[in-house]
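# Close look at the chain arrangement
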Amino acid sequence: MAVTALLAVGPAAADPVTDGASSAEVGSAAGTYGLAPDLAAAYSLAEQEARWQGVPLWITSGYRSWSEQQSMWDSAVAQYGSPAEAQRWVLPPDRSTHVSGTAIDVGPYEGAAWLEANGSTWGLCRTYANEWWHFERVTVPGGTCPPMVADAASR
Ligand SMILES: [Zn+2]
């Protein structure tokens, strides 16, 4: 199949992708590439269940390289005016769980809300009160998610 044809198909297409690798191939912002194996496996199962239930869910940002995160951090500091304010939304690469491959940002909102309600089945939890899209594997499958912290700076 032509790559260009695949790239033309977005994640919201009628034939939804069912795994992160395919998700990356069809041109969504990110897949499970570079994620810790336990997170990738847990998310893939969650996404599959979401699809079965007709809920749209995909990764908007997963693993980020050190340089990608550094670039985001630099932009955030410029945008928010100070490291103290910027770190509420973006962390520098040495502190980011995206760089360590242990965090995913998901969308759209409907899918994220579904994952917040159901993710603990696979150990996936929303971790920041100010980021409805950010999830990490911070409990065991079927466990209880720890209370959210206010924001990334609170960690
Ligand atoms: Zn995130």
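Quick summary incoming for the structure in this document.

In this section: the packing of aromatic side chains. The geometry of two aromatic rings is summed up by the distance between their centres and the angle between their planes. Within this structure, the stated rule accounts for 5 aromatic pairs. Note on Trp132 and Trp133: the rings are 5.4 Å apart at their centroids and 85 degrees apart in plane angle, and the pair reads as edge-to-face. Here Trp133 falls in the partly exposed class, since its relative accessible area comes to 25%. Among the aromatic residues, ring-to-ring pairing joins Tyr109, Trp132 and Trp133 into one connected group.

All of the protein donors around the zinc ion are His98 (NE2), Asp105 (OD) and His134 (ND1); their distances to the metal are 2.0 to 2.1 Å. Going along the chain, you hit the donors of the zinc ion in the pattern H-x6-D-x28-H. Linking His98 in the loop between helix 5 (83-86) and strand 2 (103-107) with His134 in strand 4 (residues 134-137), this pair joins segments that are 36 residues apart in sequence. Take His98 and His134: they sit in the same class, and that class is buried.

For the rest of this paragraph, the subject is the pattern of salt bridges. Two side chains with opposite charge may pair up if their charged atoms get near one another. Scanning the entire structure with this criterion turns up 5 salt bridges. In this structure, the salt-bridge partner of Arg88 is Glu85, at a minimum N-O distance of 3.2 Å. Classification of Arg88 by relative accessible area gives partly exposed; the value is 28%. Note that Arg88 and Asp151 form a salt bridge whose closest N and O atoms lie 2.9 Å from each other. Residue Arg88 is located in the loop between helix 5 and strand 2, and its partner Asp151 is located in the segment after strand 4; the two are separated by 63 residues in the primary sequence.

The next thing to look at is the nonpolar core. Tyr43, Leu57, Ile104, Val106, Trp114, Leu115 and Leu124 are the most contacted members of the largest nonpolar core, which totals 21 residues. At 6 residues, helix 3 (residues 37-52) tops the list of elements feeding residues into this core.

Bringing helix 4 (residues 66-80) into the picture now. In this model helix 4 runs 21 Å from its N-terminal to its C-terminal C-alpha over 15 residues, within 8% of the 21 Å that 1.5 Å per residue would give. Regarding helix 4, the residues found buried are Gln69, Trp73 and Ala76. Projection of helix 4 onto a plane perpendicular to its axis shows the buried side chains occupying an angular sector of 65 degrees, all on one side. Those residues of helix 4 that are exposed and angled more than 90 degrees off the buried face are Ser67, Ala78 and Gln79.

Time to look at the state of the cysteines. If you walk through the whole model with that rule in mind, you get 1 disulfide. Each sulfur of the disulfide joining Cys125 and Cys145 lies 2.0 Å from the other. Residues Cys125 and Cys145 share a disulfide whose torsion about the S-S bond is about -85 degrees; that sign makes it left-handed. Of this pair, Cys125 sits in strand 3 (residues 124-126) while Cys145 is found in the segment after strand 4, placing the two residues 20 residues apart along the sequence. Given a relative accessible area of 29%, Cys145 falls into the partly exposed group.

Conventions used here
The written sequence of each chain sets the order in which its residues are numbered from 1. This being a predicted model, a pLDDT of at least 70 is required before a residue's local features are given, and a value of 80 or more before pairs of side-chain atoms are given or counted; all residues contribute to the totals for chains, interfaces and linings. Based on all heavy atoms of the structure, the side-chain values leave hydrogens and waters out of the count. Two rings from Phe, Tyr or Trp (for Trp, the six-membered ring) form a pair when their centres sit within 6.5 Å of each other. Planes less than 30 degrees apart are called stacked, planes more than 60 degrees apart edge-to-face, and all others tilted. Classification of residues uses two cut-offs on accessible area relative to the type maximum, computed with a 1.4 Å probe and protein chains only: under 20% is buried, over 50% is exposed, and between them is partly exposed. Because water is not among the atoms used, a metal site may look incomplete, as its donors are only the N, O and S atoms within 2.8 Å, or 3.2 Å for Na, K and Ca. By definition, any uninterrupted DSSP run of H or I lasting at least four residues is a helix, any uninterrupted run of E lasting at least two residues is a strand, and each is numbered from the N terminus. Salt bridges, as used here, are contacts in which a Lys or Arg side-chain nitrogen is within 4 Å of a carboxyl oxygen on Asp or Glu. Buried Ala, Val, Leu, Ile, Met, Phe, Trp, Tyr and Cys residues form a nonpolar core when they are joined through side-chain atoms within 4.5 Å. To estimate the expected span of a helix, subtract one from its residue number and multiply by 1.5 Å. The directions considered for the arc run from the helix axis to the C-beta atoms. Criterion for a disulfide: a pair of cysteine sulfur atoms at a distance within 2.5 Å.

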